[in-house]
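Report on the structure
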Amino acid sequence: MIYTETMRERKQLLEEMSDAFIITPGGIGTFDEFFEIYTLRQLGVHKKPIAIFNTNGYYDSLVDMLNNAIDKSFMPNTNMDLLFISDNPQEILNHIENYNPADYDAAQFKFIK
């Protein structure tokens, strides 16, 4: 187990040591980690896959919130292309195993027109 002093140190280790990110149901710490990883992906800091395990519809309201941000023009709809959302663990693993970061150009996600 790796001990860290701060949440930021923990998130930095998470970012550096992970090959992919699977967001499972959780609370505020999970949300914080998810949004940081999602933001860093959008900015092109990393090119790792991000999957949301939406078991029992746990993240339905989060997906609705993200779509609302798109509908209100606070983020481009292409930002949703950075996420893979499924309630099926095998689909998530298949997505990660077949992920091609070259399919996603970070520049397209940075600015709202």
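Everything discussed here concerns the structure shown above.
About the thresholds
- Residues numbered from 1 in each chain as written.
- Predicted model: local features only at pLDDT ≥ 70, side-chain atom pairs only at ≥ 80, totals over all residues.
- Heavy atoms only, no water.
- Helix = DSSP H or I, 4+ residues; strand = E, 2+ residues; numbered from the N terminus.
- Buried < 20%, exposed > 50% of the residue type's maximum accessible area, 1.4 Å probe, protein only.
- Contact = heavy atoms within 4.5 Å.
- Expected span 1.5 Å × (residues − 1).
- Arc of directions from axis to C-beta.
- Axes fitted to C-alpha atoms, helices over the stretch in contact; angles between N-to-C directions.
- Parallel < 35°, antiparallel > 145°, perpendicular 65-115°, else oblique.
- Left-handed = near helix turned anticlockwise from the far one by under 90°.
- Nonpolar A, V, L, I, M, F, W, Y, C, P; charged D, E, K, R; others polar.

A closer look at the overall build of the protein chain
For the protein chain, the helix and strand inventory stands at four helices and three strands. Mapped in sequence order, the helices and strands of the protein chain form the string α-β-α-β-α-β-α. Counting only residues that meet the buried cut, the protein chain has 36% of its 113 residues in that class. The contacts in the protein chain between residues at least 6 apart in sequence include a share of 68% that link residues at least 24 apart.

Examining the environment of I92
Structurally, the position occupied by I92 is in helix α4 (residues 89–97). Under the relative-accessibility criterion, I92 is labelled buried at 2%.

What to know about helix α2 (residues 28–42)
An ideal rise of 1.5 Å per residue puts 21 Å on 15 residues; α2 measures up with 21 Å between its terminal C-alpha atoms. Of all the positions in α2, only E33, F34, I37, Y38, L40, R41 and Q42 are classed as buried. The inward-facing, buried residues of α2 contact α1 (7–17), β1 (21–23), β2 (50–53), α3 (60–71) and β3 (83–86). At the C-terminal side of α2, G44 shows a positive phi close to 85 degrees.

Here we look at α3
When the terminal C-alpha atoms of α3 are compared, their 16 Å separation across twelve residues agrees well with the 16 Å that a helix rising 1.5 Å per residue should span. All of the buried residues in α3 are L62, V63, L66, A69 and I70. Each buried residue of α3 lies within a common arc of 115 degrees when the element is viewed along its axis, so the set occupies one face. More than 90 degrees from the buried face of α3, the exposed residues found are S61, D64 and D71. Structurally, α3 contributes buried residues whose contacts are with α2, β2 and β3.

A short note on the packing of α2 against α3
Two elements in contact, α2 and α3, have axes whose closest approach is 14 Å; the angle formed by their N-to-C orientations is 40 degrees. Viewed along their axes, α2 and α3 adopt a mutual orientation that is oblique. Our pair here, α2 against α3, has a crossing hand that is right-handed. In this structure, α2 uses F34, F35 and Y38 to contact α3, whose residues at the interface are L62, M65 and L66. Of the residues that constitute the contact of α2 with α3, the class distribution is six nonpolar, no polar and no charged.

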